[in-house]
Amino acid sequence: MSLSDEERRIMVELELERAEKIMLQFPTLVEQKYWDTLVNRMYYAVFHAVSALLIHNTMRVHTHKGALIVFNKEFVRTGIFTVEEGHLFSQLEGLRERGDYNCFIDTTEEEIVPLIEPLKALIEKIKRIIAG
């Protein structure tokens, strides 16, 4: 099933709104030192922004890994995004999985807080590219 231009525009808008709403949670999670929850929210913020980018470009994926693979193939390898930006998405996915599923390892402030500003910059870049 393919989306009409209007449906695609609405989906892109909803995905970007979700990313923005998630980012509003960051200050509270930092204040409370909920690092595993913060990394989860950071990953989902970028996931929704990347999903918006893929939808905008009529690219369909069905999994989180698929979104990562297509983002890297279509946007990092082509130079639209830097290797570092692609790595950030991948790094957050790994940290999120570790934080969500591994009871023996906790995410630390030192590994996650430095990623907040680059994540925000990545999402802003995605928004600019979508806006044209």
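As a starting point, this report considers the structure included with it. (Residues numbered from 1 in each chain as written. Predicted model: local features only at pLDDT ≥ 70, side-chain atom pairs only at ≥ 80, totals over all residues. Heavy atoms only, no water.)

1. Some details on the overall build of the protein chain
Okay, so step 1: Helix and strand content of the protein chain: seven helices and zero strands.
Okay, so step 2: Along the protein chain, helices (α) and strands (β) appear in the sequence α-α-α-α-α-α-α when read from the amino end.
Okay, so step 3: The C-alpha atoms of the protein chain give a radius of gyration of 15 Å, which matches the 14 Å a tight globule of 132 residues would have.
Okay, so step 4: Along the first, second and third principal axes, the C-alpha set of the protein chain runs to 45 × 25 × 25 Å.
Okay, so step 5: In the protein chain, which comprises 132 residues, the proportion classed as buried is 41%.
Okay, so step 6: Relative to all contacts within the protein chain whose residues are 6 or more apart in sequence, the contacts with residues 24 or more apart total 63%.
Okay, so step 7: When the accessible surface of the protein chain is summed, it comes to about 7700 Å², and 56% of that surface belongs to carbon and sulfur atoms.
Okay, so step 8: Considering the protein chain, the positive charge centre built from 16 side chains and the negative charge centre built from 21 side chains are found 4 Å apart. (Helix = DSSP H or I, 4+ residues; strand = E, 2+ residues; numbered from the N terminus. Rg over C-alpha atoms; globule rule 2.2 N^0.38 Å. Buried < 20%, exposed > 50% of the residue type's maximum accessible area, 1.4 Å probe, protein only. Contact = heavy atoms within 4.5 Å. Areas by Shrake-Rupley, 256 points an atom, 1.4 Å probe, with all protein chains shown as cover. Lys, Arg positive; Asp, Glu negative; His and termini not counted. Charge placed at Lys NZ, Arg CZ, Asp CG, Glu CD.)

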